[in-house]
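This is what each chain is made of:
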Amino acid sequence: MLDKISKKILAELQSDGRISNVELAARVNLSPAACLERVRKLHEAGYIMGYTAQLNPQLLDVSLLVFIEVVLDRTTPEVFDAFKQSVQLIPEVLECHMVAGGFDYLVKARVKDMAAYREFLGKTLLQKGVRETHTYAVMEEVKNTTKLPIK
């Protein structure tokens, strides 16, 4: 459904969500009015879900990035729903994915340090319904992007 120009618009917006419409139009070889209309249609069609700012975790004192495998004690719809609802309310959790394999959920979280992580784990994540967790503390972020491949 996407033509070459719409793909270019999406790629440019992924690189710089604050780009002006005039600059975006110049980069994709459209008039500003036509470009603005394309962006509006991409929003309406759901290709563009919103805009955010990328913040520096070190300056905000949440430099420890952890990945946590979560195994639930039972795999019933009620337990899944309870876990999904509760994890939505935890600000330290950046992402949570139900996965197939040896555990139920993969959680990505940011906290200040290991002491803060121990508190987060004990008081927040280890809730009723969680049987076990396995934590992987990130030593170095090799690649961190939100850009999707546009083919």
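Keep in mind the model is a prediction, meaning the values are calculated, not measured.

Bringing the UniProt feature "domain: HTH asnC-type" (unreviewed entry) in the protein chain into the picture now. The UniProt record marks residues 2–63 with the feature "domain: HTH asnC-type" (unreviewed entry), using the residue numbering of this structure. Along residues 2–63 the backbone is 53% helical and 0% strand, and the end-to-end C-alpha distance reaches 38 Å.

Further remarks concern the sheet that holds strand 1 (residues 64–72). Spatially, four strands are ordered 2-3-1-4 in an open sheet, and the strand pairing comes out antiparallel. In the strand order of this sheet, the two ends are held by strand 2 (93–98) and strand 4 (130–137), each with one partner. Across this sheet, the average inter-strand angle for adjacent strands is 20°, counted without regard to direction. Sheet topology note: the strand 2/strand 3 (residues 105–111) ladder contains five bridges and is antiparallel.

Estimates place the volume of the largest pocket at around 1000 Å³. Lining the largest pocket are 21 residues, with Gln14, Gly50, Tyr51, Thr52 and Thr146 sitting closest to its centre. The residue inventory of the lining of the largest pocket, partitioned by class, reads ten nonpolar, eight polar and three charged. Contributing to the lining of the second largest pocket are 20 residues, with Gln54, Leu55, Leu94, Arg110 and Asn144 lying nearest its centre. For the lining of the second largest pocket, the secondary structure elements donating two or more residues are strand 2 and strand 3. Across the lining of the second largest pocket, the residue classes tally to eight nonpolar, seven polar and five charged.

The subject of this paragraph is the environment of Gln127. Within the fold, Gln127 resides in the loop between helix 5 (114–125) and strand 4. Separated by ten residues in sequence, Gln127 and Tyr117 place their C-alpha atoms 15 Å apart. Here Gln127 is in contact with Phe83 and Ser86, once residues within four sequence places are set aside. A distance of 2.8 Å separates polar atoms of two side chains, one belonging to Gln127 and the other to Ser86.

Now for the nonpolar core. If you look at the biggest cluster of nonpolar residues, it comprises 20 residues, and the most contacted ones within it are Ile68, Val70, Leu72, Phe83, Tyr117, Phe120 and Leu125. Counting residues per element, the ones that place at least two in this core are strand 1, helix 4 (77–88), strand 3 and helix 5. With residues up to four places along the chain from it excluded, the contact list for Val70 reads Phe83, Phe103, Asp104, Tyr105, Val107, Leu125, Val130, Glu132 and Thr133.

This part covers helix 3 (residues 32–44). A rise of 1.5 Å per residue sets the reference length of helix 3, with its 13 residues, at 18 Å; its end C-alpha atoms lie 18 Å apart and thus fit the reference within 8%. Along helix 3, the positions that sit buried rather than exposed are Cys35, Val39 and Leu42. Viewed end-on, helix 3 has its buried residues packed into an arc of 60°, placing them on one side of the element. Residues Ala33, Leu36 and Glu44 are exposed on helix 3 and point more than 90 degrees away from its buried face. Contacts made by the buried residues of helix 3 are with helix 1 (4–15) and helix 2 (21–28). Among the residues trailing helix 3, Gly46 stands out with phi positive, at a value near 90°.

How each quantity is defined
Residues numbered from 1 in each chain as written. Predicted model: local features only at pLDDT ≥ 70, side-chain atom pairs only at ≥ 80, totals over all residues. Heavy atoms only, no water. UniProt positions renumbered as here; feature names shortened; annotations may be inferred. Helix = DSSP H or I, 4+ residues; strand = E, 2+ residues; numbered from the N terminus. Pairing = 2+ DSSP bridges. Axes fitted to C-alpha atoms, helices over the stretch in contact; angles between N-to-C directions. 1 Å grid on protein atoms, 1.4 Å probe; cavity = no way out; pocket = protein on both sides within 12 Å on 5 of 7 lines; lining within 4 Å. Points joined across faces, edges and corners; volume = space filled by probe spheres on them. Nonpolar A, V, L, I, M, F, W, Y, C, P; charged D, E, K, R; others polar. Contact = heavy atoms within 4.5 Å. Polar contact = N/O pair within 3.5 Å; in protein donor to acceptor, adjacent residues only side chain to side chain. Core = buried A, V, L, I, M, F, W, Y, C linked by side-chain atoms within 4.5 Å. Buried < 20%, exposed > 50% of the residue type's maximum accessible area, 1.4 Å probe, protein only. Expected span 1.5 Å × (residues − 1). Arc of directions from axis to C-beta.

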